[in-house]
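Each chain is listed here by its residues.
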Amino acid sequence: MPQSVPSLPRRVARMLRTSLFAQVAVALALGIVVGRLWPDTATTFQPLGDGFVRLIKTVISPLVFCVVVVGIAKAGNLKAFGRIGLKALIWFEVASTAALLIGLIAANVFAPGAGMNVDPSKLDASAVDDRTAGGALPSTTEFVLNALPQSAIGAFAENSLLQVLVLACLVGAALLHLGHTKVPAILPAIEQAQEIIFAIVGFVMKLAPLAVFGAMVHLVGEYGLGVMKTYGKLILLCYAVAAAFLVLLAVALKLVTGLNLWKFVRYTREEMLLALGTASSEAVMPRMMQKLRQAGARDDAVGLVLPTGYSFNLDGASIYLSIGTLFIAQAVGVDLSLSQQITVILVLMLTSKGMAGIPGSAFLALSATASALGAIPAGAVALLLGVDRIMDAMRVATNLLGNCVAVFAVSKWEGALDTVRARKMLDGEITFMEEEDATGRDAAEGASESSDSDADSPDHASRTPMNT
């Protein structure tokens, strides 16, 4: 007797019950509808998104610490870890500079601010101060010093990823120096703590649909859809340039690793949608680390490259800053010369590196650029106040994908990428599993994959088996 096919309502109900992507997508759509119909509820639902991001941020620092320490200890080579860091910084600088140049060229060609004829004296410059909470971007010296922890506890308490990375490197180096015979219980304890953190992430992720719903109600209710008309050309240009940049990233990823970026987007579609809905790439960092590790990137590469990229590789922000600077100049009728535009690139190359975690950092970077040029009134930065929040989706998606591509590229460059496993994972031949449910996965798959990996992947021998 043939099996009966479930009815459409049952299939939909099952999908909503089992698929995080479907749950987040529905929450996103509902949030837009509620925010549009009842804009007064914007502040009521905002805590849903803010609370979720807070819960995720709680585990980011300890997770990064555990992954980096375990990665260094298992790699067994501190020099290799240093090479990964150096190669990551080279990749970051090339990618973010390319993003700045592409944005600047596009703004010159399409001139999104031309013809606006804005009088900067009529703009409310104090609104920018309110947005930035009176903060300032750190100088180069301050940035370096702030990356060094004053207190081990303080680094975790302040959620300073660079400080946590420094601590993790020191602890991992100490474990290598002492050897497993002198501190036999430390590494297993850190691995167990890592498993506990991943389990917590799994619990918190069940709240993702609520977070996306609250964030979208707040976005649409607070800012409305009218801003799309006023700044339509600027918004369209920024998103189009970001799309073009992602195409270039896809080509670079294919050339360097042979992997397909669009398959990776499909593989991480839940995380991408959640990041877009909450306007926070930090909200998905733990899950992205899981997925990158299971897609063949070695623990030490994932643990170092991805968190470091959150401070050094803000490709989406670089596109926005370069286009935004020229938009402001064009809107107030200032024609920037070639030398002044080169100055824009040089200033933004520095200011874009210290933006992570600073309130209103984009406006601080724009203000610093305007001051360096001396040709754009500082108050003109207020022109972007109305559209800044709309740009979050572009910045978050581009930043996040840029950092994930960096993980794969640097891992391949260093011989820390199992390309056979990566292809199988992205093709759907291997299913992603939550870390706490994946114990024994490598052992179960090892027998069937080892012959293929040894034959086809030059990186296989250098890949340290992932302990889950």
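Residues numbered from 1 in each chain as written. Predicted model: local features only at pLDDT ≥ 70, side-chain atom pairs only at ≥ 80, totals over all residues. Heavy atoms only, no water.

Caption draft 1: How the structure looks around the overall build of the protein. Helices and strands together make up the secondary structure of the protein, namely 22 helices and zero strands. By residue count, 53% of the 468 residues in the protein fall in the buried class. Sequence separation of at least 24 residues holds for 84% of the intrachain contacts in the protein that already meet a minimum separation of 6. Of the roughly 20,600 Å² of accessible surface on the protein, a fraction of 64% belongs to carbon and sulfur atoms. (Helix = DSSP H or I, 4+ residues; strand = E, 2+ residues; numbered from the N terminus. Buried < 20%, exposed > 50% of the residue type's maximum accessible area, 1.4 Å probe, protein only. Contact = heavy atoms within 4.5 Å. Areas by Shrake-Rupley, 256 points an atom, 1.4 Å probe, with all protein chains shown as cover.)

Caption draft 2: How the structure looks around the nonpolar core. In this structure, Phe52, Val64, Leu234, Phe264 and Leu384 are the most contacted members of the largest nonpolar core, which totals 141 residues. The element that contributes the greatest number of residues to this core is helix H3 (residues 42–75), accounting for 15 residues. Each residue touching leucine 234, except ones within four places of it in the same chain, is listed here: Pro112, Ile323, Phe327, Leu384, Val387 and Met391. (Core = buried A, V, L, I, M, F, W, Y, C linked by side-chain atoms within 4.5 Å.)

Caption draft 3: Layout of the packing of helix H9 (residues 186–205) against helix H15 (residues 285–294). Direction vectors running N to C along H9 and H15 enclose 120 degrees, while the axes themselves pass 10 Å from each other. Compared by their axis directions, H9 and H15 come out oblique. Seen from above, H9 lies across H15 with left-handed handedness. Side by side, H9 and H15 meet where Gln194, Phe198, Val201 and Met205 of the first sit next to Pro286, Arg287, Gln290 and Arg293 of the second. In terms of residue class, the contact of H9 with H15 is built from four nonpolar, two polar and two charged. (Axes fitted to C-alpha atoms, helices over the stretch in contact; angles between N-to-C directions. Parallel < 35°, antiparallel > 145°, perpendicular 65-115°, else oblique. Left-handed = near helix turned anticlockwise from the far one by under 90°. Nonpolar A, V, L, I, M, F, W, Y, C, P; charged D, E, K, R; others polar.)

Caption draft 4: Layout of helix H18 (residues 338–351). The first and last C-alpha atoms of H18 sit 20 Å apart over 14 residues, in line with the 20 Å expected at 1.5 Å per residue. Buried residues of H18: Gln341, Val344, Ile345, Val347, Leu348 and Thr351, and no others. (Expected span 1.5 Å × (residues − 1).)

Caption draft 5: Representation of the packing of aromatic side chains in the model. Counting across every chain of the model gives five aromatic pairs. Aromatic side chains phenylalanine 45 and phenylalanine 213 sit 5.1 Å apart centroid to centroid with 85 degrees between the ring planes, which places their arrangement in the edge-to-face category. Of this pair, phenylalanine 45 sits in helix H3 while phenylalanine 213 is found in helix H10 (residues 208–223), placing the two residues 168 residues apart along the sequence. Members of the aromatic cluster, each reached through a chain of ring pairs, are Phe264, Tyr267, Phe408 and Phe432. A cation over a ring is seen here: arginine 395 above tyrosine 320, with NZ or CZ 4.6 Å from the ring centre. (Phe/Tyr/Trp six-rings, centres within 6.5 Å; stacked < 30°, edge-to-face > 60°. Lys NZ or Arg CZ within 6 Å of the ring centre and 35° of its normal.)

Caption draft 6: Focus on the environment of serine 318. Tracing the backbone through its elements, the reader meets serine 318 in helix H17 (residues 315–331). Taking C-alpha positions, serine 318 is 6.7 Å from serine 352, a pair spaced 34 residues apart along the chain. Setting aside residues no more than four positions away along its own chain, serine 318 makes contact with Ser96, Ala99, Leu100 and Ser352. At 2.9 Å, the side chain of serine 318 and the backbone oxygen of leucine 314 are in polar contact. (Polar contact = N/O pair within 3.5 Å; in protein donor to acceptor, adjacent residues only side chain to side chain.)

Caption draft 7: Representation of the packing of helix H4 (residues 78–110) against helix H12 (residues 232–257). Two numbers describe how H4 lies on H12: the axes approach to 10 Å, and their chain directions differ by 140 degrees. The interaxial crossing formed by H4 with H12 has right-handed handedness. On H12, the residues touching Trp91, Ala95, Ala98, Ala99, Ile102, Gly103, Ala106, Ala107 and Phe110 of H4 are Lys233, Leu237, Val241, Phe245, Leu248, Ala252 and Val256. Its residues assigned to classes, the contact of H4 with H12 comprises 14 nonpolar, one polar and one charged.

Caption draft 8: Highlighting a nonpolar patch on the surface. On the surface, Val247, Val251, Leu255, Val256 and Trp262 cluster together to form a nonpolar patch covering roughly 490 Å² of accessible area. In terms of residue count, H12 provides more of the nonpolar patch than any other element does, four residues in total. Mapped onto the elements, valine 251 comes out in helix H12. (Patch = residues over 30% accessible without salt bridge, like charges linked within 9 Å, V, L, I, M, F, W, Y side chains within 5 Å. Salt bridge = Lys/Arg side-chain N within 4 Å of Asp/Glu carboxyl O.)

Caption draft 9: Structural detail: H3. Compared with the 50 Å implied by 1.5 Å per residue over 34 residues, the 48 Å span of H3 between its first and last C-alpha is a close match. Isoleucine 60 marks where H3 bends most, by close to 30 degrees; the proline proline 62 follows one to four residues later. Glycine 76 occupies a position one or two residues after H3 and carries a positive phi of about 70 degrees. (Bend = angle between axes of the 7 residues up to and from the residue.)

Caption draft 10: Main features of the pattern of salt bridges. If you walk through the whole model with that rule in mind, you get ten salt bridges. A salt bridge links glutamate 270 to lysine 291; the nearest nitrogen and oxygen atoms lie 3.4 Å apart. With glutamate 270 in helix H14 (residues 269–278) and lysine 291 in helix H15, this residue pair connects regions lying 21 residues apart in the sequence. This pair shows no difference in class: glutamate 270 is buried, exactly as lysine 291 is. Connected via shared salt-bridge partners are Glu270, Glu271, Arg287 and Lys291.

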